[in-house]
Amino acid sequence: LQDLSNPDLVYGREHVANSDWQFSRSEFDNLKNYNKAIENARNVDAPRKGISVLDFDDTLAYSDSQVIVNMKDGEVIRMTPAQFATEAENIADMVESFDFSEFNDVKSGKPGPFLKRALELQDKFGSDNIFVLTARPQAAAGPIHKFLSSLGLNIPLENITGLGNSTGLAKAQWMLQKFAEGYNDMYFVDDALPNVKAVKDVLNQLDIKSKVVQAKLSD
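The following paragraphs examine the structure supplied in this document. (Residues numbered from 1 in each chain as written. Predicted model: local features only at pLDDT ≥ 70, side-chain atom pairs only at ≥ 80, totals over all residues. Heavy atoms only, no water.)

**A closer look at the side chain of D57**
Worth spelling out the cut-off: Helix and strand assignments come from DSSP, with helices taken as H or I runs of at least 4 residues and strands as E runs of at least 2, each series counted from the N terminus. Any N or O atom pair separated by 3.5 Å or less is treated as a polar contact, with the protein-specific requirement of one donor-capable and one acceptor-capable atom, and with residues adjacent in sequence counted only for side-chain atom pairs.
Position of D57 relative to the elements: it lies in the loop between β1 (50-54) and β2 (61-62). Among the polar contacts listed, one links the side chain of D57 to the side chain of R136, at a separation of 2.7 Å.

Here it is, written out as structure tokens:
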């Protein structure tokens, strides 16, 4: 990750235009997010804008949904959401394809370790600034919304983002985007330690008000 605390590190159109590097659209968007985030971090007069970003699997809910992994050697294995979050990146070179069809639904869902706290946040602050950020595909947003609503957590459907990506970097970049949009009091909860560490690293570099915690059964 870039050292965002360096005031000389400012990415903009001039930097890109004068560079020999070739950026993809997503990479350029990330650079713009870095630039905007640095500007926001320097604005000591910015009004408080809070956000709670919660993982779904093994955080807000438990389910029997699994990822079917087709290995290059012909073996087929099944991974729980926790295994996918922590191990998928490590075996990527050995994988022929991932089948997320079960991830498009909440199979045999039940409340997770952080649901009670999420309901408390909703009661205190409302649900408009509560977001679900999951490694599941975006197609899972509808079933996730329906399941959480059945438990009393009424998060707007548009606040549920399926990254289709298990890496901590993907979640960290999403958090950076939200900071670039003006959120400056950030609460992030995830059961996967690599995700927690990646997000904490980004937010610490920006030196903004934030709390990043790992969801555990004791929560």
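**Notes on the sheet that holds strand β7 (residues 130-134)**
This is how the line gets drawn: Two strands make a pair as long as DSSP finds a minimum of two bridges between them. Axes here mean lines fitted to C-alpha atoms, for a helix over just the part in contact, with angles spanning 0 to 180 degrees between N-to-C directions. Residue contacts follow a heavy-atom distance rule, with two residues in contact if any of their heavy atoms lie within 4.5 Å.
The parallel open sheet is built from 5 strands, whose spatial order is β8-β7-β1-β9-β10. Only two strands of the sheet have a single neighbouring strand rather than two, namely β8 (160-162) and β10 (209-214). The average undirected angle you get between the axes of adjacent strands in this sheet is 15°. Note: β7 against β8, 3 bridges, orientation parallel. Across the sheet, residue V132 finds its bridge partner in β8, namely I160. Against the sheet, helix α4 (residues 115-125) contacts β1, β7 and β9 (185-190), and its axis sits at roughly 150° relative to β7. Contacting β1, β7, β8 and β9, helix α6 (residues 168-180) runs over the sheet at an angle of about 160° to β9.

**Observations concerning the sheet that holds strand β5 (residues 95-99)**
Read from one edge to the other, the open sheet built from 3 strands follows the order β4-β3-β5, with strand pairing classed as antiparallel. A strand with exactly one partner marks an edge of an open sheet, and here the two such strands are β4 (76-79) and β5. On average, each strand axis in the sheet is inclined to that of its neighbour by 25°, with strand direction left out of account.

**Here we look at unusual backbone geometry**
Put simply, the test is: Each residue is assigned to one of three classes by its accessible area relative to the maximum for its type, calculated with a 1.4 Å probe on protein chains only: buried under 20%, partly exposed between the two thresholds, exposed over 50%.
The backbone phi angle of D58 is positive, close to 65°, even though this residue is not glycine. Examined against the element boundaries, D58 turns out to sit in the loop between β1 and β2. Residue D58 is classed as buried on the basis of its relative accessible area, which comes to 17%. Despite not being glycine, S108 has its phi angle at roughly 55°, a positive value.

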